[in-house]
Amino acid sequence: MRIYLLAVGTKMPAWVSKGYDEYAHRMPTKCKLVLKEIPAEKRSKNSNIENIQEKEAEKLLNAIPNNCRIVALDGKGSIWTTEKLAVRLEDWMMSGQDVALLIGGPDGLTHDVLSKVNEHWSLSNLTFPHPLVRIIVAEQLYRAWSITENHPYHRAG
């Protein structure tokens, strides 16, 4: 199974790439994490945000590989504990279907994108910068995998 992390935004600071890579490389080949960056539209103070969101949404939807379960990282989604994510990860792996996790741009995901997803996942009631979300998701997926394998990485009791 592959988990595609589709994220609007390119040219991340080195610390973001390093943090993401640290956890993505720890994932086993049977549950590979693959980042697909979607170029963000240019913004200015006079930009039409709705048009920008629609263009980013189109690029994001076109980047989803065929036959994927689609999960939106959405502030209005369900907040999962790490243990719940481990259960979801096991379910995804058992389904035999790849998963696409969607991270929108600075203005979020459009209603059109959100209407096409299978699940809505919120990382927290807090708002995180989009670059940091990549690292959090990668680390939490690795932690969830470690739970499914009884690996000592996750030691919460």
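Cut-offs applied
Residue indices follow the written sequence of each chain, beginning from 1 at its first position. Totals for whole chains, interfaces and linings use every residue, but because this is a predicted model, local features are given only for residues with pLDDT of at least 70 and side-chain atom pairs only at 80 or more, for both listing and counting. The basis for the side-chain values is all heavy atoms of the structure; hydrogens and waters are excluded. Numbering of helices and strands runs from the N terminus; a helix is a DSSP stretch of H or I covering at least four residues, while a strand is a stretch of E covering at least two. Taken over C-alpha atoms, the radius of gyration is set against a globule rule of 2.2 Å times the number of residues to the power 0.38. We call a residue buried when its accessible area falls under 20% of the maximum for its residue type, exposed when it is over 50%, and partly exposed in between, using a 1.4 Å probe and counting protein chains only. Residue contacts are defined here by distance: any two heavy atoms, one from each residue, within 4.5 Å place the two residues in contact. Here the expected span of a helix is defined as 1.5 Å times the quantity of residues minus one. Buriedness of a pocket was judged along seven lines, with at least five required to meet protein on both sides within 12 Å; pockets are open sets of points on a 1 Å grid over the protein atoms alone, cavities are sets where a 1.4 Å probe fits but cannot get out, and lining residues have an atom within 4 Å of a point. Grid points are joined across faces, edges and corners, and a volume is the space filled by probe spheres set on the points. Lys, Arg, Asp and Glu make up the charged group, whereas Ala, Val, Leu, Ile, Met, Phe, Trp, Tyr, Cys and Pro make up the nonpolar group; the residues left over, Gly among them, are polar. At least two DSSP bridges between two strands are needed for those strands to be called paired. Interaxial angle, 0 to 180 degrees, is taken between N-to-C directions of lines fitted to C-alpha atoms, where a helix line uses only the stretch in contact. Stacked, edge-to-face and tilted are the three classes for Phe, Tyr and Trp ring pairs, Trp counted by its six-membered ring, which pair at centre distances within 6.5 Å; planes under 30 degrees apart are stacked, over 60 edge-to-face, the rest tilted. We count a charge as sitting over a ring when the NZ of a lysine or the CZ of an arginine lies within 6 Å of the ring centre and within 35 degrees of the ring normal. Angle categories are assigned with fixed cut-offs, so that under 35 degrees is roughly parallel, over 145 is roughly antiparallel, 65 to 115 is roughly perpendicular, and the rest are oblique. Here a crossing is called left-handed whenever its near helix is offset anticlockwise from the far helix by less than a right angle, and right-handed whenever the offset is clockwise.

Another aspect to go through is the overall build of the protein. Looking only at helices and strands, one finds five helices and five strands in the protein. Its C-alpha radius of gyration of 15 Å places the protein within 12% of the 15 Å reference for a compact globule of 157 residues. Each principal axis of the C-alpha atoms in the protein carries an extent, and together these give about 50 × 30 × 30 Å. Per-residue burial for the protein yields a buried fraction of 45% across its 157 residues. Restricting the contact set of the protein to residue pairs at least 6 apart, pairs at least 24 apart contribute 81%.

Now for helix α5 (residues 130-148). For α5, spanning 19 residues, the distance from its first C-alpha to its last is 27 Å, which sits close to the expected 27 Å at 1.5 Å a residue. Of all 19 residues that make up α5, 14 are buried, and the element is covered over most of its length. After α5 finishes, the residue Asn 150 shows a positive phi value of roughly 55 degrees.

Under the definition given, this model contains one cavity of 30 Å³ or more. As a volume, the largest cavity reaches approximately 40 Å³. Lining the largest cavity are Val 8, Gln 53, Glu 56, Ala 57, Leu 60, Gly 104, Gly 105, Gly 108, Leu 109, Thr 110 and Val 113. Broken down by element, the lining of the largest cavity gets its largest block of residues, four residues, from helix α2 (residues 49-63). Of the residues that constitute the lining of the largest cavity, the class distribution is five nonpolar, five polar and one charged.

Another aspect to go through is the sheet that holds strand β2 (residues 32-38). Sheet architecture is open: five strands sit in the order β2-β1-β4-β3-β5, paired in parallel fashion. Across the chains shown, the open sheet's two edge strands, defined by having one partner strand only, are β2 and β5 (119-122). Across the sheet, the mean angle separating the axes of adjacent strands is 30 degrees when strand polarity is ignored. Sheet topology note: the strand β1 (residues 2-8)/β2 ladder contains seven bridges and is parallel. Note on β2: the bridge partner recorded for Leu 6 is Lys 36.

Two aromatic rings, taken as a pair, are described by how far apart their centres are and by the angle between their planes. Counting across every chain of the model gives five aromatic pairs. What links up through ring pairs into an aromatic cluster is the set Tyr 23, Tyr 142, Trp 145 and Tyr 153. Here the guanidinium or amino end of Lys 36 rests over the ring plane of Tyr 4, the centre of that ring lying 5.5 Å away.

Moving on: the packing of helix α1 (residues 14-24) against α5. Any two packed helices are characterised by the angle at which their axes cross and by the distance between the axes. Remark: α1 packs on α5, axes separated minimally by 8 Å, with the N-to-C direction vectors making an angle of 15 degrees. Our classification of the angle between α1 and α5 gives roughly parallel. Like other packed secondary-structure pairs, α1 and α5 cross with a definite hand, here left-handed. Across the interface between the two elements, Trp 15, Val 16, Gly 19, Tyr 20, Tyr 23 and Ala 24 of α1 pack against Pro 131, Leu 132, Arg 134, Ile 135, Ala 138, Glu 139 and Tyr 142 of α5.

Attention now moves to the side chain of Glu 56. Relative to the helices and strands, Glu 56 is located in helix α2. Contact partners of Glu 56, with chain neighbours within four places excluded, come to Val 8, Ala 40, Glu 41, Arg 43 and Gly 105.

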